[in-house]
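What follows is the residue order along each chain.
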Amino acid sequence: MKILTGRTLPEPCVLAVGKFESIHRGHRALIQNGARLAREKGIASAVVAFTPHPYRVLGMGHEAYKPLFTRYERAFLLGGLEVDYLLEYPFDDTLISLPPEAFGQIIFEQLRAETVLVGEGYRFGHNREGTVHTLRELAAQYGRRVEIAQKRENISTSKIRALLNSPAPQLDEAAAFLGFPFFALDETAPGRRLGHSLGFPTLNLYPPPEKFLPRFGVYTTRTTINGQSFPGVTNIGLRPTVHGNETAPTIETHLFGFNEDAYGREIHVAFLHFMRDEKKFPSLDALRAQIGEDVRKVGLYFERKSAEGF
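Residues numbered from 1 in each chain as written. Predicted model: local features only at pLDDT ≥ 70, side-chain atom pairs only at ≥ 80, totals over all residues. Heavy atoms only, no water.

Chemist: How should the sheet that holds strand 7 (residues 183-187) be read in this particular structure?
Modeler: The strand order across the open sheet formed by six strands is 7-12-9-10-11-8, and the pairing between neighbours is antiparallel. Each having just a single partner strand, strand 7 and strand 8 (203-205) make up the two edges of the open sheet. Ignoring strand direction, the axes of neighbouring strands in this sheet form an average angle of 30°. Sheet topology note: the strand 10 (residues 228-237)/strand 11 (residues 250-255) ladder contains six bridges and is antiparallel. (Pairing = 2+ DSSP bridges. Helix = DSSP H or I, 4+ residues; strand = E, 2+ residues; numbered from the N terminus. Axes fitted to C-alpha atoms, helices over the stretch in contact; angles between N-to-C directions.)

As structure tokens, this is what we get:
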């Protein structure tokens, strides 16, 4: 998959258009259908995703909105769907002000869409005046087609966010909507090696400020490094026991059976089960004891899943 940034595509295509923030099961079905149609037509398949997220530009109280996945993570997800192009289209005041007819011209001329795929609730143009019916009328003027994907099982990114943000994050339910466990993907960075001194060395991710994170706390996770998968225990949060004034959250993962130097390597941390909230402990000894208990429970979790055939 080629990742492009701009306002044009280099060849005729079957084009999927949307925010595609979470690439959930409904998104994936739409995009995979587009890739199939493109193969049948013998042309390219493409996805247009807007950057930054429209909510951050539109305001309306959403200026601090954090998409579920970063641009890097979104590209990772789309890379597995046999798409030829991902176009990161700038979402700005100029685009917001365009009437539906002008936006349609962009789709069929600059983006060279032969067939456009959108969800049934898709809206576009100034004040969201354009509907799927408007898009079909515009497509007819160009001799092009529009495919409307029906909503699947009432799946929505907002529901997934709510499940991940609940007092006890519902990770299984979120994964059922997504089609995969919620995850973080990035390169590891050096920490203060406190985990090592406590007897539980960790791999550390420092997520960008725009990355959505579920409730701060301790999670059962499975981490993939260079194609190898390891069970582990992960803390998301501000590490209050050792960093009382920290404001940027970290993702720290202790892996079972992994003792290599992984600094600078890409890791994929999949969140499987919420264990407990992050808390401040009275001492490092108390923290060490709790981590030992967390590790014990994670081991039991994977033993149970193994016995169940997962």
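Chemist: For this particular structure, what's the right way to read unusual backbone geometry?
Modeler: The phi angle of most residues is negative, glycine excepted, and most peptide bonds adopt the trans form. For the bond running from Thr51 to Pro52, omega is -5°, close enough to zero to count as cis. For Ile23, which is not a glycine, the phi torsion comes out positive at approximately 50°. Following the sequence through the fold, Ile23 ends up in the loop between strand 2 (13-18) and helix 1 (25-41). The phi dihedral of Asn127 is positive, around 55°, even though this residue is not glycine. Position of Asn127 relative to the elements: it lies in the loop between strand 5 (113-119) and helix 6 (132-142). Note on Asn127: relative accessible area 60%, which makes it exposed. (Buried < 20%, exposed > 50% of the residue type's maximum accessible area, 1.4 Å probe, protein only.)

Chemist: Honestly, empty space enclosed by the protein in this entry has me stumped. Any pointers?
Modeler: Summary: where empty space remains is shown by rolling a probe the size of a single water molecule over the atoms. Summed over all chains, the structure comprises one cavity of 30 Å³ or more. Estimates place the volume of the largest cavity at around 30 Å³. Taken together, Val17, Val48, Phe50, Tyr89, Phe103, Ile106, Ile107 and Leu111 make up the lining of the largest cavity. Looking at the lining of the largest cavity, the elements with two or more residues in it are strand 3 (44-51) and helix 5 (100-110). Sort the elements by how many residues they give to the lining of the largest cavity and helix 5 lands first, with three residues. Of the residues contributing to the lining of the largest cavity, the split by class is eight nonpolar, no polar and no charged. (1 Å grid on protein atoms, 1.4 Å probe; cavity = no way out; pocket = protein on both sides within 12 Å on 5 of 7 lines; lining within 4 Å. Points joined across faces, edges and corners; volume = space filled by probe spheres on them. Nonpolar A, V, L, I, M, F, W, Y, C, P; charged D, E, K, R; others polar.)

Chemist: Would you mind going over the nonpolar core with me for this structure?
Modeler: The biggest cluster of nonpolar side chains holds 46 residues, and the ones touching the most others in it are Ile31, Val47, Phe69, Leu164, Phe182 and Phe271. If sequence neighbours within four positions are ignored, Phe271 has contacts with Leu171, Pro181, Phe182, Phe183, Ala184, Tyr219, Thr220, Thr221, Thr234, Ile236 and Ile251. Leu15, Val118, Tyr122 and Leu138 belong to the second-largest nonpolar core, a separate cluster that totals 30 residues. (Core = buried A, V, L, I, M, F, W, Y, C linked by side-chain atoms within 4.5 Å. Contact = heavy atoms within 4.5 Å.)

Chemist: Got a minute to help me understand the environment of Pro90 in this structure?
Modeler: For Pro90, the location among the structural elements is in strand 4 (residues 85-90). Separated by 34 residues in the primary sequence, Pro90 and Arg56 have C-alpha atoms spaced 12 Å apart.

Chemist: Even after reading the chapter, I still don't get the pattern of salt bridges, so can you show me in this structure?
Modeler: Close approach of charged atoms allows side chains with opposite charge to pair. As enumerated under the stated definition, the model contains 14 salt bridges in all. Notably, a salt bridge pairs Glu40 with Arg36, separated by 2.8 Å at the nearest N-O pair. Of this pair, Glu40 and Arg36 both sit in helix 1, four residues apart, which is roughly one turn of that helix. Here Arg71 ties to Glu88 by a salt bridge, and the two come within 2.4 Å at their closest N and O atoms. (Salt bridge = Lys/Arg side-chain N within 4 Å of Asp/Glu carboxyl O.)

Chemist: How should the pairing of strand 6 (residues 145-149) be read in this particular structure?
Modeler: In the case of a regular strand, side chains alternate between the two sheet surfaces. Of the two faces of strand 6, only one is covered, namely that formed by Val146 and Ile148; the face formed by Arg145, Glu147 and Ala149 stays uncovered. Examined bridge by bridge, strand 5 and strand 6 share five bridges and lie parallel to one another. By the bridge assignment for strand 6, Thr115 is matched with Arg145. Note that the unit made of strand 5, helix 6 and strand 6 has a crossover that is right-handed. (Right-handed = clockwise from strand over helix to strand, strands pointing away.)

Chemist: Could you clarify how one ought to interpret the packing of aromatic side chains in this entry?
Modeler: Here the distance between the centres and the angle between the planes together describe a pair of aromatic rings. Applying the stated criterion across every chain yields a total of 17 aromatic pairs. Geometrically, the ring pair formed by Phe182 and Phe212 is edge-to-face, given 6.0 Å between the ring centres and 90° between the ring planes. Here Phe212 lies in the loop between strand 8 and strand 9 (217-225) and Phe182 lies in the loop between helix 8 (171-178) and strand 7, a separation of 30 residues in the sequence. Assessed through its relative accessible area of 4%, Phe212 is described here as buried. With centroids separated by 5.3 Å and ring planes inclined at 85°, the aromatic side chains of Tyr301 and Phe302 adopt a geometry described as edge-to-face. (Phe/Tyr/Trp six-rings, centres within 6.5 Å; stacked < 30°, edge-to-face > 60°.)

Chemist: Just checking my understanding: could you explain the packing of helix 7 (residues 157-165) against helix 8 for this structure?
Modeler: Two quantities define a packed helix pair, namely the angle between the helix axes and the distance between the axes. Helix 8 packs onto helix 7 with a crossing angle of 160° between their chain directions and a minimal axis gap of 8 Å. It follows that helix 7 is roughly antiparallel to helix 8 by the angle criterion. In this structure, helix 7 crosses over helix 8, and the sense of that crossing is left-handed. Every residue of helix 8 that contacts helix 7 at Lys159, Ile160, Leu163 and Leu164 is listed here: Leu171, Glu173, Ala174, Phe177 and Leu178. (Parallel < 35°, antiparallel > 145°, perpendicular 65-115°, else oblique. Left-handed = near helix turned anticlockwise from the far one by under 90°.)

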